[in-house]
Amino acid sequence: MRKPIIAGNWKMHKTTAQARELACGLAAELVDYKWAEVVLVPPATAIATVAGAVAGTKLAVGGQNLFWEEEGAYTGEISPGMLQELGCAYVIIGHSERRGYFHETDEDVARKARAALDHGLSPIICVGETLAQREENKVEEVIGAQVKAALAKVSPEEAAKVVIAYEPIWAIGTGRSSSAEDAQQVIGFIRRTASEVLGEKQAAELRIQYGGSVKPENIHQYMAQSDIDGALVGGASLSTQQFSSLLRAAIVEEK
Ligand code: PGA
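Residues numbered from 1 in each chain as written. Predicted model: local features only at pLDDT ≥ 70, side-chain atom pairs only at ≥ 80, totals over all residues. Heavy atoms only, no water.

*Asks:* How should I be thinking about the sheet that holds strand S1 (residues 5-9) in this particular structure?
*Replies:* Neighbouring strands of a sheet are bound in pairs by backbone hydrogen bonds; such pairs are parallel or else antiparallel. Strand order in this closed barrel of eight strands is S1-S2-S3-S4-S5-S6-S7-S8, and the pairing throughout is parallel. Adjacent strand axes in the sheet meet at a mean angle of 25 degrees, parallel and antiparallel pairs treated alike. As defined by bridge partners, strand S4 (residues 90-93) adjoins strand S5 (residues 122-127) across four bridges and the pair is classed as parallel. If you follow Tyr90 over to S5, its bridge partner there is Ser122. Against the sheet, helix H2 (residues 47-54) makes contact with strand S2 (37-41) and strand S3 (60-63), and its axis sits at roughly 170 degrees relative to S3, the strand it touches most. (Pairing = 2+ DSSP bridges. Helix = DSSP H or I, 4+ residues; strand = E, 2+ residues; numbered from the N terminus. Axes fitted to C-alpha atoms, helices over the stretch in contact; angles between N-to-C directions. Contact = heavy atoms within 4.5 Å.)

Below, the structure is given as structure tokens:
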């Protein structure tokens, strides 16, 4: 059984004071929440604060990016060991904003995923197509290549530690979400692609999220799909009230 996993990607939002308030609010609101693993992903400057605020609760903390080297002259970068020291259990890798604005390649994503696993961090590896690629019927070609590249340095035994987030780029922050059926179709394809790389049994353990305009109103329809194991949430993770309602609305009793 794959445990559902819902992560809130705060992106470049929240000062440390605001981050503390949000993390404490969620910790209080979710004391009895067990259905999904919940991961808070604040900006790097607020990781220590958030980790402190949720210590002793079931909420986990993640980083939004890392660099694969352990240390060195890499101004502005953060190593996997540094994230781990702050209390991170997860790290988002290859988000489309990093691929787009900061020119991260599939090769970078593979190296970052490897570095995360080497330091006991679970990578949440993002893949997704542009609107033009979808309109040209290239979804499987694009996603297949991204998934194969991202898993190139992952061993089959590590599959259960890896999370893939399918985030169609046209659905991120636009309010235009993929239909649950379309998301299930692509996520089923991601699982089949992963089974070619890691083996069928291992691919069955891989958790795959949907991301892109996930809200309290639509989360349930994604979670009801057989291959969708959770969500990567941006905008709707920035308020205690919205994110906690989203987490409760996500609950599917029997899958
Ligand atoms: P959104 O962002 O929920 O605001 O669309 C999702 C993401 O980028 O992870």
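*Asks:* Help me understand the nonpolar core, please; the structure alone is not making it clear to me.
*Replies:* Proteins that are soluble and globular tend to have nonpolar side chains buried together. Counting residues in each nonpolar core, the largest one holds 73 residues, and the members touching the most others are Ile6, Leu40, Ile143, Ile164, Ile190, Tyr210 and Phe243. Looking at this core element by element, the count peaks at eight residues for helix H8 (residues 180-198). Contacts of Tyr210, omitting those with residues within four sequence positions, involve Tyr166, Pro168, Ala171, Ser177, Ser178, Ala183, Ile187, Tyr222, Ile228, Gly230, Ala231 and Leu232. (Core = buried A, V, L, I, M, F, W, Y, C linked by side-chain atoms within 4.5 Å. Buried < 20%, exposed > 50% of the residue type's maximum accessible area, 1.4 Å probe, protein only.)

*Asks:* For this particular structure, what's the right way to read the site of the ligand?
*Replies:* The environment of the ligand is made up of 13 residues, and the closest members are Lys11, His95, Glu167, Gly173 and Ser213. With respect to the ligand, the side chain of His95 contributes an N or O atom lying 2.7 Å from an oxygen atom. Here Gly235 contributes a backbone N or O atom positioned 2.9 Å from an oxygen atom of the ligand. Contact with the protein chains hides 97% of the accessible area of the ligand, taken as 280 Å² for the molecule alone. Looking at the shell around the ligand, its residues break down into four nonpolar, seven polar and two charged. (Near = heavy atom within 4 Å. Polar contact = N/O pair within 3.5 Å; in protein donor to acceptor, adjacent residues only side chain to side chain. Areas by Shrake-Rupley, 256 points an atom, 1.4 Å probe, with all protein chains shown as cover. Nonpolar A, V, L, I, M, F, W, Y, C, P; charged D, E, K, R; others polar.)

*Asks:* What am I meant to see in unusual backbone geometry here?
*Replies:* Note: most peptide bonds trans; most residues except glycine with negative phi. One non-glycine residue, Lys14, lies in positive phi territory at about 90 degrees. Here Lys14 shows up in the loop between S1 and helix H1 (16-29). Assessed through its relative accessible area of 25%, Lys14 is described here as partly exposed. One non-glycine residue, His103, lies in positive phi territory at about 55 degrees.

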